[in-house]
Structures are given as structure tokens and as C-alpha cells.
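# Coordinate inspection notes
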Amino acid sequence: MTTQRALITGIFGQDAAYLARHLIDQGYEIIGTHRRTSTNNSWRLRELDVERHIRFEELELLEQSNIIHTLKETRPTEIYNLAAQSFVGSSFNQPIFTGEANALGVTRILEAIRVVDPEIRFYQASTSEMFGLVQETPQKETTAFYPRSPYGISKLYAHWMTKNYREAYGLHATSGILFNHESPLRGTEFVTRKITTHFAAIKFGLIDHVELGNLNACRDWGHARDYVEGMHAMVRHDEADDFVLASGQTHTIEDFANLAASVAGFKIEWEGEAEDRKAYNRETGKCIIKVNPRFYRPTEVDLLMGDAGKAKDVLGWAPRTNFENLVEEMMAADLDRQSRTDRFVSN
Ligand code: NAP
Ligand code: G4F
């Protein structure tokens, strides 16, 4: 078999690091693309020891000519489009940039594939945020969409564009509708890693407490390491299609905090409701979690729980890491990182 060459956009992000590791282990050549930045941002790639295997190229989703030239010069056989403004919270403050990058950025890549080489297989990082105000539970490929943020709406446009280029031009263009997936490499603005970094800093005496938003939202959390295997299986499948990847379980933010606290060695007790809800460390009597409405979203996604039955039947994919193991791995990693520095671990 000829060597496969995968181009991964958003190479400095969480999923790209795990995907690069997985594809390198499968014998792939990797072209990792990133937008121009003034500082090196490759800490995740170093953690998984993949940086030295990657050919790096600058690629900006807002720049059509840049995308076309990059494909002409690098000649990938597969493209995984993981680059995005991926933080739902910021999308309310940056709805136009979010649309440019996440929605039109995908059309720019699809057009470039059509012009340069329609044989390139394409993976689009779609999301459970497209289900938003959920119309049924669990959510699957046939569930009606109702996005609740500029992020969810931008991703829904990209999802339909991917499907349209598949149907209109016969591209092997696949959408993975992935539910939340986390890891020790998750960005610290997302709630899971925000909790684990802050608990580690509390443990080592650097801060007193963490402020969170809506504690009642329910998410279907899995491990990014497992989900990138599903991405690859989708691209290698004969037929391009849409697939949900999910754990099938849902937990509240409070559940995540409770489990992370117990891994960190805190015994916590909750008091109060809504904005007055607080968690206290039973041993010290100090408050370690407060609610701050600043972190509420103008429109919230209250409940996500996916059904990955199609991915299991068609691709043979199932997650390997359960919720408890995920939280343990994340909390242990941040305790370890924090034990090695006096400054608050911020990435
Ligand atoms: P991530 O860690 O935030 O990585 C996204 C990457 O996209 C970052 O490296 C970012 O660059 C890059 N990027 C942002 N704007 C760009 C632009 N205009 N041009 C080029 N690159 C740009 O996200 P992730 O968690 O790995 O997620 C990967 C993809 O899956 C995203 O598309 C996300 O929306 C989607 N998704 C994620 C989840 C999840 O739970 N993780 C679930 C469903 C879907 P910088 O490093 O410079 O910021
Ligand atoms: O961790 P989050 O910011 O992730 P969210 O919004 O679910 O989005 C993530 O998963 C999507 C898949 O469904 C991806 F497409 C997307 O790119 C991203 O990876 O927030 C999770 C929940 C929300 O309900 C939020 O309101 O946690 C709640 N939350 C409560 N306190 C908080 C906080 N979220 C953040 N980020 N920070 C808080 O302090």
C-alpha cells in the first residue's frame, strides 16, 4: 500500500495531537497546519512525542489562496479539518469570526479539494452542539438539529456543506458528530480542565477557590484518545457518511467536580442553590467552589447524551475510557504538573 499522507488542520489543538500520534503509529506521513502565531504553541505535540515527525505548514482558514496553495504543495491523501474557534463561550462575543473560521473556512477547504484533487478524503469536525436544545434523547445521526450558540450554528453550516459536497460532487467528505471529549491536553478554558487545573492549584496552596457557571448542565464526556480512532475509521470507511461518537452516558458539571475533588483528596460538602451554591472543603471549612454568573451562557445546552450505535455497527468503534478513568487521568495529570512548578499551571 502507498504511504498515506494526512493533513491535519489545527495541529496545535487537543484532538490534533492525539490524531497525529494515532496516524504516525499507523505509518502515516503528517502535515500539520496552524495559523501564524508569534510564539511556538506545540506543547501538546511534545507531550505525545510527535512534534519531530510532523511537517508544519501555515494555513489560515480565512484565506482561500493559502488553502489552495497548501494543498498543491503538500498533496495530502486525507484532510482532517480540526481547526476551529472551538470555545462556545467565546462564540457569543465573536460570532462573525466564529462563522468565518468554522463555517466559511470549511467551504474554502471543500472548494480547494475540488480544484486541486477531488480524490482527497475529507473529515469535518462536527459537534453535538448542533443538537443544542435537544429534540430527543439520546441524540443520534437522525435527530433534528437545534443549535444554541454562534458556534453550534457555524458548525451546522459546515456540516451541511460537507454533506452537500459529498452529494453534489462525489467527494469522500465525512462528518464526525462528536460529543464532548477531554484529556489532560484539553484547553484550560473548557470546564473539565478548568476544574482540574484549579483543584491542583488549590491543593498546592496557590489559590483558594474556583468560580464556575452553570453546574447543572449535563454532558456526555469521553476521552479524546479514543475519539480520534473513530475519526480515522470514518475516513478509511468505503462510504463517506455522518457518524456520532459518544459514550452514551451523561453527567452534570457538579458530578465532574465531585469526582475530581475526591481524586485530589478533598472531601467536599455542598450548600445553597443556584447562584449561592458553594462547595466547602470539610477538613478546612474553606469554600473551594463558587458560582459566578459571569460564566453563564446567553443560551445554554442543558443536556447532551449520544447514541454511537451506528459507529459501533458500521465502523466497529466503541470508547475504551469510562467517565471515572477520564476524570482520574485528568486530575492526576494536573496534580503532577502543579507539583513541578510554583506558578499556576495555565496550559
Ligand atoms: P482546540 O484544542 O481548540 O483546537 C482547535 C485548533 O484550531 C487550535 O489549535 C486553533 O489554533 C486552531 N484555529 C482556530 N482558528 C483558526 C484559524 N482561523 N485558522 C487556522 N487554525 C485555527 O479544539 P479540539 O478540542 O482539539 O477540537 C478539534 C475540533 O473538533 C474543533 O473543530 C472543535 O470545534 C471540534 N469538536 C471538538 C469537540 C471536543 O469535545 N473537543 C467535540 C466536537 C467537535 P490556536 O492553537 O492558534 O488557537
Ligand atoms: O467545557 P465547555 O466549555 O464545553 P461545551 O460548551 O460543551 O463545548 C465543548 O464540547 C462541544 C461538543 O458538545 C464542542 F463542540 C466544543 O468545541 C467544546 O469542545 O462547557 C460545558 C458545560 C456548559 O454547559 C457550560 O455552561 O459546562 C458549563 N460550565 C459551567 N461552568 C462551564 C463553566 N463551562 C466553562 N467553559 N467554564 C465554566 O466555568
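Residues numbered from 1 in each chain as written. Chains lettered and ligands numbered in written order. Predicted model: local features only at pLDDT ≥ 70, side-chain atom pairs only at ≥ 80, totals over all residues. Heavy atoms only, no water.

## Concerning the site of ligand 1
Every one of the 26 residues lining ligand 1 counts as a neighbour, but Arg35, Glu60, Ser86, Tyr151 and Lys155 are closest to it. Between ligand 1 and Gln14 there is a distance of 3.0 Å, counted from an oxygen atom to a backbone nitrogen or oxygen. Here a nitrogen atom of ligand 1 sits 3.3 Å away from a polar atom, N or O, in the main chain of Leu61. For ligand 1, whose accessible area on its own is 890 Å², the fraction buried by protein is 90%. Where the shell around ligand 1 is concerned, the elements lending two or more residues are helix H1 (14-25), strand S5 (121-127) and helix H6 (150-169). (Near = heavy atom within 4 Å. Polar contact = N/O pair within 3.5 Å; in protein donor to acceptor, adjacent residues only side chain to side chain. Areas by Shrake-Rupley, 256 points an atom, 1.4 Å probe, with all protein chains shown as cover. Helix = DSSP H or I, 4+ residues; strand = E, 2+ residues; numbered from the N terminus.)

## Digging into the site of ligand 2
Lining the immediate environment of ligand 2, one finds 23 residues, of which Thr127, Ser128, Tyr151, Arg297 and Glu300 sit closest. Here ligand 2 has 720 Å² of accessible area as a free molecule, and 95% of this is covered by the chains. Looking at the shell around ligand 2, its residues break down into 10 nonpolar, six polar and seven charged. (Nonpolar A, V, L, I, M, F, W, Y, C, P; charged D, E, K, R; others polar.)

## What about the nonpolar core?
Of all hydrophobic cores here, the largest spans 36 residues; its most connected members are Ile8, Tyr80, Leu82 and Tyr123. Taken together, the elements giving at least two residues each to this core come down to strand S1 (5-9), H1, helix H2 (43-47), S5, helix H8 (224-236), strand S11 (242-245) and helix H10 (309-315). Here this core takes seven residues from H1, the largest share from any one element. Judged by nonpolar contacts, the second largest core, of 29 residues, contains Ala200, Leu259, Ala260 and Val291. (Core = buried A, V, L, I, M, F, W, Y, C linked by side-chain atoms within 4.5 Å. Buried < 20%, exposed > 50% of the residue type's maximum accessible area, 1.4 Å probe, protein only.)

## Some words on helix H9 (residues 253-264)
Taking 1.5 Å of rise per residue, the 12 residues of H9 would be expected to cover 16 Å, and the 16 Å separating its terminal C-alpha atoms lies within 8% of that figure. Looking only at H9, the buried set comprises Ile253, Glu254, Phe256, Ala257, Leu259, Ala260, Ala261 and Ala264. In this fold, the buried residues of H9 make contact with helix H7 (191-203), strand S12 (251-252), strand S13 (268-271), strand S15 (287-291) and helix H11 (323-339). (Expected span 1.5 Å × (residues − 1). Contact = heavy atoms within 4.5 Å.)

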